[in-house]
Amino acid sequence: MEQTPFQLEIAQLMVEVLHLDMAAEQISPEEPLFSDDGLALDSIDGLELATVLEKKYSCGLRSDDKSNDQAFTSLATLAAFVEKNKTK
């Protein structure tokens, strides 16, 4: 599945902020973010990414929100969450 323009924007942020050794275009929208079968991000990566997304888009990410697990499932779910909740 090909990335949407907004998914590519989020993927570029991920590569930049998390210093991933890959091009943003290589991140599949459906690839799991925190699984060994996917990008294998860890909790620190998730915190860094959430901080940048909140700062850039004011998308309402809160550490105590139970929906974070769902939002951070894949690039597609993360981009959809940010796009739906962004105020900037």
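Within any chain, residue numbers begin from 1 and follow the written order of that chain's sequence. Selection of residues for local features in this predicted model requires a pLDDT of at least 70, selection of side-chain atom pairs for listing and counting requires 80 or more, and totals for whole chains, interfaces and linings are taken over all residues. In computing side-chain properties, one takes all heavy atoms of the structure into account and sets aside hydrogens as well as water.

## A short note on the packing of helix α1 (residues 5-18) against helix α2 (residues 43-57)
Filter applied, for reference: Working convention: axes come from line fits to C-alpha atoms, limited for helices to the stretch in contact. Angles between N-to-C directions cover 0 to 180 degrees. Here a helix means four or more residues in a row that DSSP labels H or I, a strand means two or more in a row labelled E, and each is numbered from the N terminus. Put simply, angles under 35 degrees are roughly parallel, angles over 145 are roughly antiparallel, angles from 65 to 115 are roughly perpendicular, and the rest are oblique. Left-handed describes a crossing whose near helix is turned anticlockwise from the far helix by less than a right angle; the clockwise case is right-handed. What makes two residues a contact is simply this: any of their non-hydrogen atoms within 4.5 Å.
Two elements in contact, α1 and α2, have axes whose closest approach is 10 Å; the angle formed by their N-to-C orientations is 125°. Relative to α2, the element α1 lies oblique. Taken as a pair, α1 and α2 cross one another with a handedness that is right-handed. Taking contact as the criterion, the partners of F6, E9, I10, L13, M14, V17 and L18 in α1 are, on α2, D45, E48, L49, V52, L53, K56 and Y57.

## Considering the packing of aromatic side chains
Operational definition: The pairing test for Phe, Tyr and Trp rings, Trp by its six-membered ring, is centres within 6.5 Å, and the orientation test on the planes gives stacked under 30 degrees, edge-to-face over 60, and tilted for anything in between. Using a 1.4 Å probe on the protein chains alone, a residue whose accessible area is under 20% of its type maximum counts as buried, one over 50% counts as exposed, and one in between counts as partly exposed.
Under the criterion given, the structure shown has two aromatic pairs. A centroid spacing of 5.6 Å and a plane angle of 70° characterise the contact between F6 and Y57, whose relative ring orientation is edge-to-face. You can see F6 sitting in helix α1 and its partner Y57 sitting in helix α2, a full 51 residues away along the chain. Arranged with centres 6.4 Å apart and planes meeting at 55°, the rings of F34 and F72 form a pair that is tilted. In this pair, F34 is assigned in the loop between α1 and α2 and F72 in the loop between α3 (68-71) and α4 (75-85), connecting sequence segments 38 residues apart. Residue F34 is classed as partly exposed on the basis of its relative accessible area of 37%. F72 sits in the buried class, given a relative accessible area of 9%.

## Observations concerning the nonpolar core
Operational definition: Side-chain atoms within 4.5 Å link the members of a nonpolar core, which is a set of buried Ala, Val, Leu, Ile, Met, Phe, Trp, Tyr and Cys residues.
Among the nonpolar cores identified, the biggest contains 27 residues, and I10, M14, I27, L53, Y57, L78 and V82 are the most heavily contacted of them. For this core, the secondary-structure elements that each account for two or more residues are α1, α2 and α4. The dominant element in this core, judged by the number of residues it contributes, is α1, at eight residues.

## Focus on the side chain of Q7
We count it as follows: Here a polar contact means two N or O atoms within 3.5 Å. Within protein one must be a hydrogen donor candidate and the other an acceptor candidate, and residues neighboring in sequence count only if both atoms are side-chain atoms.
Within the element layout of this structure, Q7 appears in helix α1. On the accessibility criterion, Q7 (10% relative accessible area) is buried. In terms of polar contacts, Q7 uses its side chain to reach the backbone amide nitrogen of T4, at 3.0 Å. Setting aside residues no more than four positions away along its own chain, Q7 makes contact with E2, P29, L75, A76 and A79.

## Regarding the confidence of the model for the protein chain
Selection criterion: Confidence of the predictor at the level of single residues is given by pLDDT, which spans 0 to 100.
Confidence in the prediction for the protein chain averages 92 pLDDT; 99% of positions are at 70 or higher. Mean pLDDT across the secondary structure elements of the protein chain bottoms out at α3, with 83, and peaks at α1, with 97.

## Quick word on α2
What counts is decided by this rule: To estimate the expected span of a helix, count its residues, drop one, and scale the result by 1.5 Å. Each direction from the helix axis to a C-beta atom contributes to the arc, which is the arc of those directions.
Helix length check: α2, at 15 residues, gives a terminal C-alpha distance of 21 Å against a target of 21 Å (1.5 Å per residue), a fit within 8%. For α2, the full list of buried residues reads D45, G46, L49, A50, L53 and Y57. Projected down its long axis, α2 carries its buried residues within an arc of 130°, all on one side. Residues of α2 that are exposed and point more than 90 degrees away from the buried face comprise L47 and K55.

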